[in-house]
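Spelled out, the chains give:
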Amino acid sequence: MNKVILLGRLTKDPEIRYSQSSDPVCVSRFTVAVDRRFKKEGEPDADFINCVAFRRTAEFMERYIKKGMMVSICGSIQVRSYDDNTGQRKWITEVVSEEVNFAESRAAFEARMAKGGGDYQSSQVPPPPPSSGPAEPEGFAAITQSIDEDDDLPF
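Residues numbered from 1 in each chain as written. Predicted model: local features only at pLDDT ≥ 70, side-chain atom pairs only at ≥ 80, totals over all residues. Heavy atoms only, no water.

### Looking at the pairing of strand β4 (residues 46–54)
In summary, the side chains of a regular strand alternate between the two faces of the sheet. The following threshold applies: When DSSP finds two or more bridges between two strands, those strands count as paired. Strands here are runs of E lasting at least two residues and helices are runs of H or I lasting at least four, both read from the DSSP assignment and numbered beginning at the N terminus.
Bridge count between strand β3 (residues 26–35) and β4: 9 bridges; the pairing is antiparallel. If you follow Val27 over to β4, its bridge partner there is Phe54. Strand direction decides the pairing type here: β4 and strand β6 (residues 89–102), joined by 3 bridges, are parallel. Looking at β6, one finds that Ala53 is bridged to Ser97.

### Quick look at the environment of Lys12
The cut-off we apply is this: Exposure is judged per residue with a 1.4 Å probe applied to protein chains only, and the accessible area is read against the type maximum: over 50% gives exposed, under 20% gives buried, and values in between give partly exposed.
Considering the arrangement of structural elements, one finds Lys12 in the loop between β1 (4–10) and β2 (15–18). You can call Lys12 partly exposed: its relative accessible area is 48%. Sequence spacing of Lys12 and Lys66 is 54 residues, and the spatial spacing of their C-alpha atoms is 7.0 Å.

### Notes on the confidence of the model for the chain
Rules: One confidence number per residue, pLDDT, is output by the predictor and ranges from 0 to 100. Between two residues, a contact is recorded if the distance between any of their heavy atoms is within 4.5 Å.
Chain-level statistics for the chain give a pLDDT mean of 80 and a share of 75% at 70 or above. Throughout residues 120–132 the model reports pLDDT below 50, and contacts reaching past four residues in sequence, or to other chains, amount to 11 contacts.

### So, unusual backbone geometry
The backbone of Arg55 shows a phi angle near 50 degrees, a positive value even though the residue is not glycine. For Arg55, the position within the fold is in helix α1 (residues 55–64).

### Here we look at the pattern of salt bridges
Stated precisely, the cut-off is as follows: The salt bridge criterion pairs a side-chain nitrogen of Lys or Arg with a carboxyl oxygen of Asp or Glu, the two atoms within 4 Å.
If you walk through the whole model with that rule in mind, you get 8 salt bridges. Notably, a salt bridge pairs Glu94 with Arg29, separated by 3.0 Å at the nearest N-O pair. Taken together, the positions of Glu94 in strand β6 and Arg29 in strand β3 put the pair 65 residues apart, joining distant regions of the chain. The buried category is assigned to Glu94, whose relative accessible area is 5%. Classification of Arg29 by relative accessible area gives partly exposed; the value is 32%. If you follow the salt bridges from partner to partner, you end up with Arg29, Arg80 and Glu94 in one network.

### Considering α1
The line we're drawing: Throughout, the arc means that of the directions going from the helix axis to the C-beta atoms.
Of all the residues in α1, the buried ones are Thr57, Ala58 and Met61. When α1 is viewed along its axis, its buried side chains cluster within an angular range of 100 degrees and face the same direction. Opposite its buried face, α1 presents the exposed residues Arg55, Arg56 and Arg63, each directed more than 90 degrees away. Structurally, α1 contributes buried residues whose contacts are with β1, β2, β3, β4 and β6.

### Thoughts on a nonpolar patch on the surface
Counted only if it meets this: Patch criteria: residues need more than 30% relative accessible area and no salt bridge. Like-charged residues are merged within 9 Å; nonpolar side chains of Val, Leu, Ile, Met, Phe, Trp and Tyr are merged within 5 Å. With residues, only the protein chains shown are counted as cover, and all accessible areas are computed by Shrake-Rupley using a 1.4 Å probe.
On the surface, Ile77, Val79 and Trp91 cluster together into a nonpolar patch covering about 350 Å² of accessible area. Mapped onto the elements, Val79 comes out in strand β5 (residues 70–83).

### Things to note about the nonpolar core
Applied cut-off: Take the buried Ala, Val, Leu, Ile, Met, Phe, Trp, Tyr and Cys residues and link them wherever side-chain atoms come within 4.5 Å; each set so joined is a nonpolar core.
Formed by 18 residues in total, the largest nonpolar core has its most connected members in Phe30 and Ile73. Counting only elements with at least two residues in this core, the list comes to β1, β3, β4, α1, β5 and β6. No other element matches the 4 residues that β3 contributes to this core. Contact partners of Phe30, with chain neighbours within four places excluded, come to Leu10, Pro14, Ile49, Asn50, Cys51, Val52, Ala53, Met61, Ile73, Ser97 and Val100.

### Section: the packing of aromatic side chains
Each aromatic ring pair is characterised by the separation of its centres together with the angle its planes make. Formally: Working definition: rings of Phe, Tyr and Trp (its six-membered ring) pair if their centres are within 6.5 Å, and the pair is stacked with planes under 30 degrees apart, edge-to-face with planes over 60 apart, and tilted otherwise.
Enumeration according to the criterion identifies 2 aromatic pairs in this entry. Consider the rings of Phe60 and Tyr64, whose centres lie 5.4 Å apart with planes at 45 degrees: the pair is tilted. Placement of the pair is Phe60 and Tyr64 together in helix α1, with a separation of 4 residues, close to one helical turn. Relative accessible area serves as the criterion here: at 22%, Phe60 is assigned to the partly exposed category. Relative to Phe102, the ring of Phe60 lies with its centre 5.5 Å away and its plane at 65 degrees, an arrangement referred to as edge-to-face.

What follows is the structure in structure tokens.
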């Protein structure tokens, strides 16, 4: 099984191109900065992972995804090779993105951009603002009773 799930920020706007076939295909190339879970002294705080998306996913990125946005990506790892101008064989590893989704609200992204947070700096992502208590998202209600192991679940 070849499955990759990433959560990170775009390091720059996606590069969009169209194939030159009779039925052009949209191709989006981009890099995602993914924070490392454990950091050691002298090592980078993030990995910069090259990704590619095709067709509708690439068109979605062209319209809505910008530098600095937090996105979630589901896809697979692909390794390919090519010969450069000097005849040297080059190898590329990238994530072929099947799904790209927003991982932060537009308001949060715009607020961060307004504060000058456009460039990715992994350890300087601001923490979420403190809340004045548990907020209930619209359309949801808090569970007020506990569920014991002996209780029947409604599903």
